Amino acid sequence: MNNKSAHLLFVLNPVAGNSHAEQLRQMFQRQCDLAGATFEVYETNGEDRLDEVIARARADGCTLVVAVGGDGTVSEVANELVGKNLPLGILPAGTGNLLAQELGISLDLEQACQLVSVPTKTTQLDVMRVGEQFFVSHISLGAYSRIIERTAVSAKRRYGKAAYLWQMFREIVGGQSWRFGLTIDREKHHVLASLVMVANIGTVGVGQLRWGEDIRPDDGLIDVCVVLARTLPQYVEMLHHVWR
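Cut-offs and rules
- Residues numbered from 1 in each chain as written.
- Predicted model: local features only at pLDDT ≥ 70, side-chain atom pairs only at ≥ 80, totals over all residues.
- Heavy atoms only, no water.
- Pairing = 2+ DSSP bridges.
- Helix = DSSP H or I, 4+ residues; strand = E, 2+ residues; numbered from the N terminus.
- Axes fitted to C-alpha atoms, helices over the stretch in contact; angles between N-to-C directions.
- Contact = heavy atoms within 4.5 Å.
- Expected span 1.5 Å × (residues − 1).
- Buried < 20%, exposed > 50% of the residue type's maximum accessible area, 1.4 Å probe, protein only.
- Arc of directions from axis to C-beta.
- Right-handed = clockwise from strand over helix to strand, strands pointing away.
- Phe/Tyr/Trp six-rings, centres within 6.5 Å; stacked < 30°, edge-to-face > 60°.

### A look at the sheet that holds strand β1 (residues 7-12)
Strand order in the open sheet formed by four strands is β2-β1-β3-β4, with parallel pairing between adjacent strands. With partners counted over all chains shown, the strands left at the sheet margins are β2 (38-43) and β4 (88-92), one partner each. Between one strand axis and the next, the sheet turns by 20° as a mean value, whatever way the strands run. Both β1 and strand β3 (residues 64-69) contribute to a ladder of five bridges, which runs parallel. Its bridge partner lying in β3, Val11 is registered against Ala67. Contacts between helix α3 (residues 71-81) and the sheet are confined to β1, β3 and β4, with β3 contributing the most and set at about 160° to the helix. Strands β1, β3 and β4 of the sheet are contacted by helix α5 (residues 109-117), whose axis makes an angle of about 170° with β4.

### Observations regarding helix α1 (residues 21-35)
Between its first and last C-alpha atoms α1 spans 21 Å; for 15 residues at 1.5 Å apiece the expected length is 21 Å, and the two agree. The set of residues buried in α1 consists of Ala21, Leu24, Met27, Phe28, Gln31, Cys32 and Ala35. Axial view of α1: buried residues confined to an arc of 120°, hence all on one face. Opposite the buried face of α1, at more than 90 degrees from it, the exposed residues are Gln23, Asp33 and Leu34. For α1, the elements touching its buried residues are β1, β2, β3, β4 and α5. Positioned one or two residues after α1, Gly36 has a phi angle of 70°, which is positive.

### Focus: the pairing of β1
For β1, the buried fraction is high: six of the six residues fall into the buried class. Both β1 and β2 contribute to a ladder of six bridges, which runs parallel. Along β2, the bridge assignment pairs His7 with Thr38. A crossover connection joins β1 to the parallel β2 through α1; in handedness this β-α-β unit is right-handed.

### Some remarks on the packing of aromatic side chains
Each pair of aromatic rings is reported with the distance of its centres and the angle of its planes. Counted according to the given criterion, the structure contains three aromatic pairs. Ring geometry for Phe10 against Phe28: centres 3.9 Å apart, planes inclined by 5°, an arrangement best described as stacked. Within this pair, whereas Phe10 is found in strand β1, its partner Phe28 is found in helix α1, the two being separated by 18 residues in sequence. Residue classification places Phe10 among the buried positions, given a relative accessible area of 0%. The buried category is assigned to Phe28, whose relative accessible area is 0%. Taking 5.8 Å as the distance between ring centres and 80° as the angle between the ring planes, the aromatic pair formed by Phe10 and Phe39 counts as edge-to-face. Of this pair, Phe10 sits in strand β1 while Phe39 sits in strand β2, placing them 29 residues apart in sequence.

As structure tokens, this is what we get:
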């Protein structure tokens, strides 16, 4: 990419993680000045039409769209870029940042911003589709999705990843499981499970734990992980298997 003609659109989630929007804007300015690139910033507000925002930016010469936030922000931006031949950059400013970890992107925002302002390498990612919505990391049903849904934004900003632990404890105490009907490679399965994870990435977000050693976001495959765990010992056993 010719950096002199590079024009970046930063799609910024202002409530992601513990970063402050004004500090991030100063970082964008600093790194783009060093790279000789121009940029613009769009802050999400919960009522976004990102398709229109990105279409306008593209018409104005945008060469790279950068998602600044957590995995939710990355997924929202990626959803609008599928099939548009416009690359996606990631600045991991959220709580989990699972896709960034999977891709080896530095969690140091200054280093990550330097990477996107002077891009030297691109990777083609697989995507998953539910209806008309695309996802890049995973699709979950059951306990995992309840934990993510019920963890407040304010708690994540204050406690970081630890905010998920309290909600995880509540799910474990609740001990719920559900019956799922799955069709995988045209074979039907009926399972009792605490959670079903359709994974495009292996990163769990806890240390080096992974859903599976061979799960990659660019291998043309998705992996279905089925977990039945309703008590604390069962969850510990599950983590032991994931660790192995």
